[in-house]
Amino acid sequence: MAAEILTEDLLRVSLQRLSREVVKTYPQFGELLAQNMLRTCGLIPDVERAEHYRELGTLLIDLGRLYLAEAEVLSTVDVPQD
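Residues numbered from 1 in each chain as written. Predicted model: local features only at pLDDT ≥ 70, side-chain atom pairs only at ≥ 80, totals over all residues. Heavy atoms only, no water.

### Remarks on the confidence of the model for the protein chain
This is how the line gets drawn: Here pLDDT means the predictor's own confidence in every residue, given as a number from 0 to 100. Helix and strand assignments come from DSSP, with helices taken as H or I runs of at least 4 residues and strands as E runs of at least 2, each series counted from the N terminus.
Taken residue by residue, the protein chain gives an average pLDDT of 80. The fraction at 70 or more is 87%. Mean pLDDT across the elements of the protein chain ranges from a minimum in helix H1 (residues 2–25), with 75, to a maximum in helix H3 (residues 46–75), with 88.

### Quick word on the side chain of His52
What counts, and what does not: The buried label goes to any residue with under 20% of its type's maximum accessible area, the exposed label to any with over 50%, and the partly exposed label to all in between, with areas taken from a 1.4 Å probe on protein chains only. In this description, contact between two residues means that some pair of their heavy atoms is separated by no more than 4.5 Å.
Relative to the helices and strands, His52 is located in helix H3. When its relative accessible area of 17% is taken as the criterion, His52 is described as buried. Not counting residues up to four positions away in its chain, the partners in contact with His52 are Arg39, Thr40 and Ile44.

### Regarding helix H2 (residues 27–39)
For an α-helix, the turn length of 3.6 residues means that residues three or four places apart are oriented alike. Stated formally: Residue count minus one, scaled by 1.5 Å, sets the expected span of a helix. Working note: the arc is built from the helix axis to C-beta atom directions.
Over its 13 residues, H2 runs 19 Å from end to end, which matches the ideal 18 Å to within 8%, given 1.5 Å per residue. Here H2 has its buried residues at Phe29, Gly30, Leu33, Asn36 and Met37. All buried residues of H2 fall inside an arc of 140° around its axis, so they share one side.

Structure below.
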């Protein structure tokens, strides 16, 4: 039980940090992350919490794809040569 709480606390802290960083580049995702993170907190049944984790996981995957696409664009930009 203690390990489960510790894991959830670490996840929550990580998501809080992530949402602060994400809002800098994708403000709409920052709010979604915060909302979904709150839905994983509290004393809700495991089945409901599992669904919220699925939603949050999907959101994180979509966000990761956006960042990877942006990285690809940035890495293919021609650097001016002197």
